[in-house]
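Here is what each chain is made of, one letter per residue.
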Amino acid sequence: MDTILFLAQTEEDGTLGKPALEALGGAVELNQALSGTLVAALYGVKAQPAADAIANCGASRFLAVAGEDFAPARYATDAAACEALIRAAQATIVITAATSRSSRVMAGVTHRLGGCVDTHVTGIAADSGSLTLTRWFYRQRIEASLTRTQRPWVLLLDPGAHAAWQGQGASGSVTPELITVPVNESLRRTTVRGTITPPADQQTIRPDANLLFVAGAGWTKKQKDGQTHVPEAETIIVDFLKKSKASLGSSKSLVEMSGENQSALRFMSHLNQVGQTGATPRHPKGLSACCHGEEPHTVGWRFIGERRAINLDPNCGWARGKADVLYVADAFEVMSKVNALLGS
């Protein structure tokens, strides 16, 4: 019988973020399919609020490593906490969210335990009593199904790949078993001085947004008057992002213009790039403007639910079955009208 460990770091207030609840949802379903033993393990500055929130998840044990030493995202202390929790649970399968914090440490932790690790997991299933995972290779062009016999097997579940556990509204209380992890000065050598984040109205990448707005290179090209209107394009896009709270994406050609000494949107970077060599976001809806919709870019739209595009070319890539709706129109005029309607 497998012991399935749900492993998560807590937020600053001791609660669990959405990616952690998604990983918990996957762990609960897998435990039911394998008829195994579910254990929940938490680490961070405090764990009691998170433990109470998931008290009814069906875990037979609740483990925790808590304290000020485990508040910052520091490799040495995070790795020590994860290793101690996995050993204490005697887990054979470990499921955790593929956040930046856990992704940094889980490979090293798995090596210490003599197990194996798989990252960017997008699906978990148990067929005939055996665990099988799915993940993408070659920039989301090849989907593979994997199964392994080596244990412990650590799985990092990509955010957005599984429905979040929905039982957190139920009342419950549990006292987690505290695992002691000695922290000496060698583990404190790295000091987190703080975090620097842009103001909310300057944040363009919003993973939890309902809409992904993708800008293409057409925003910087000559328009029907024979002139470029890059400053106007910047104003229109920023105004739309502020009013709609959408997340901003980009085609590869647009983000590379700054390196080619061409006029480019100042707030755009490679972090915004969507496509084969960029990100594969998971927003419910997507709207593309001034982008041709070629295959290397649209492969990044694989998990977007409803797709719409604005382009002057009725024969662009979006018109070939890659968008649900194509508006053959001028993006400057359309988005200016949209902004006016959002502001009214």
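Here we summarise the structure given alongside this text.

Rules used in this analysis
Residues numbered from 1 in each chain as written. Predicted model: local features only at pLDDT ≥ 70, side-chain atom pairs only at ≥ 80, totals over all residues. Heavy atoms only, no water. Pairing = 2+ DSSP bridges. Helix = DSSP H or I, 4+ residues; strand = E, 2+ residues; numbered from the N terminus. Contact = heavy atoms within 4.5 Å. Axes fitted to C-alpha atoms, helices over the stretch in contact; angles between N-to-C directions. Salt bridge = Lys/Arg side-chain N within 4 Å of Asp/Glu carboxyl O. Buried < 20%, exposed > 50% of the residue type's maximum accessible area, 1.4 Å probe, protein only. Polar contact = N/O pair within 3.5 Å; in protein donor to acceptor, adjacent residues only side chain to side chain. Phe/Tyr/Trp six-rings, centres within 6.5 Å; stacked < 30°, edge-to-face > 60°. Lys NZ or Arg CZ within 6 Å of the ring centre and 35° of its normal. Core = buried A, V, L, I, M, F, W, Y, C linked by side-chain atoms within 4.5 Å.

1. Some words on the sheet that holds strand 3 (residues 61–66)
Judged by pairing direction, the sheet is mixed, and its nine strands sit side by side in the order 7-6-5-8-4-1-2-3-9 without closing on themselves. Across the chains shown, the open sheet's two edge strands, defined by having one partner strand only, are strand 7 (142–146) and strand 9 (177–178). Of the pairings in the sheet, the one linking strand 6 (residues 130–137) to strand 7 comprises five bridges and is antiparallel in character. Paired with T134 across the bridge in strand 7 is S145. Along the sheet, helix 1 (residues 18–34) makes contact with strand 1 (3–9), strand 2 (37–44), strand 4 (93–97), strand 5 (116–127), strand 6 and strand 8 (153–157), crossing strand 4 at roughly 155°. Packed onto the sheet, helix 3 (residues 75–89) meets strand 1, strand 2, strand 3 and strand 4 and runs at close to 160° relative to strand 3.

2. Side note on the pattern of salt bridges
Applying the stated rule across the entire model yields 14 salt bridges. A salt bridge links R188 to E185; its shortest N-O distance comes to 3.0 Å. Judged by relative accessible area, which is 59%, E185 ranks as exposed. Of the charged contacts in the structure, one is a salt bridge between K243 and D239, with a shortest N-O distance of 3.2 Å. With K243 and D239 both in helix 5 (residues 230–244), this residue pair falls four residues apart, about one helical turn. Judged by relative accessible area, which is 36%, K243 ranks as partly exposed. Here the salt bridges share partners, and the residues they tie into one network are D69, E185 and R188.

3. Side note on the side chain of Q223
When you line up the elements, Q223 lands in the loop between strand 10 (211–215) and helix 5. Its relative accessible area of 17% is what places Q223 among the buried residues. A distance of 3.2 Å separates a polar side-chain atom of Q223 from the backbone oxygen of G218. There is a polar contact of 2.8 Å between the side chain of Q223 and the backbone oxygen of K221. Excluding anything up to four places from it in sequence, Q223 contacts G218, H229, D330 and F332.

4. Considerations on the packing of aromatic side chains
Scanning all chains against the criterion turns up four aromatic pairs. Arranged with centres 6.0 Å apart and planes meeting at 70°, the rings of W136 and F303 form a pair that is edge-to-face. Of the two residues, W136 sits in strand 6 while F303 sits in the loop between helix 7 (295–298) and strand 13 (306–310), which places them 167 residues apart along the sequence. By relative accessible area, F303 is classed as partly exposed at 28%. Taken together, a centroid distance of 4.9 Å and an interplanar angle of 55° make the contact between W219 and F332 tilted. Of this pair, W219 sits in the loop between strand 10 and helix 5 while F332 sits in helix 8 (residues 331–343), placing them 113 residues apart in sequence. With respect to class, W219 is no different from F332; both count as buried. Cation over ring: R135 sits above F137, and NZ or CZ is 4.4 Å from the ring centre. One cation-aromatic arrangement involves R282 over F303; the distance from NZ or CZ to the ring centre is 4.1 Å.

5. Remarks on the nonpolar core
By size, the foremost hydrophobic cluster in this structure holds 38 residues, and its most contacted members are F6, L16, L42, I54, C57, I95 and L155. The dominant element in this core, judged by the number of residues it contributes, is helix 1, at eight residues.

6. Points about the side chain of S247
Turning to its location among the elements, S247 is positioned in strand 11 (residues 247–250). Residues contacting S247, with those up to four places away along its chain left out, are T204, I205, R206, A209, L211, L212, F213, L241 and H283.

7. Thoughts on the sheet that holds strand 13
For sheets, the rule is that strands pair by backbone hydrogen bonds, running either parallel or antiparallel. Read across the sheet, five strands follow the order 11-10-12-13-14 without closing on themselves; strand pairing throughout is parallel. Here the strands that pair on one side only, and so sit at the sheet edges, are strand 11 and strand 14 (325–327). Geometrically, the sheet is characterised by an average inter-axis angle of 20° between neighbouring strands, direction not taken into account. Relative to strand 13, strand 12 (residues 285–289) runs parallel, the two being bridged by five bridges. From the neighbouring strand, S288 faces strand 13, where its bridge partner is A309. Relative to the sheet, helix 8 contacts strand 10, strand 12 and strand 13, its axis offset from that of strand 13 by approximately 120°.

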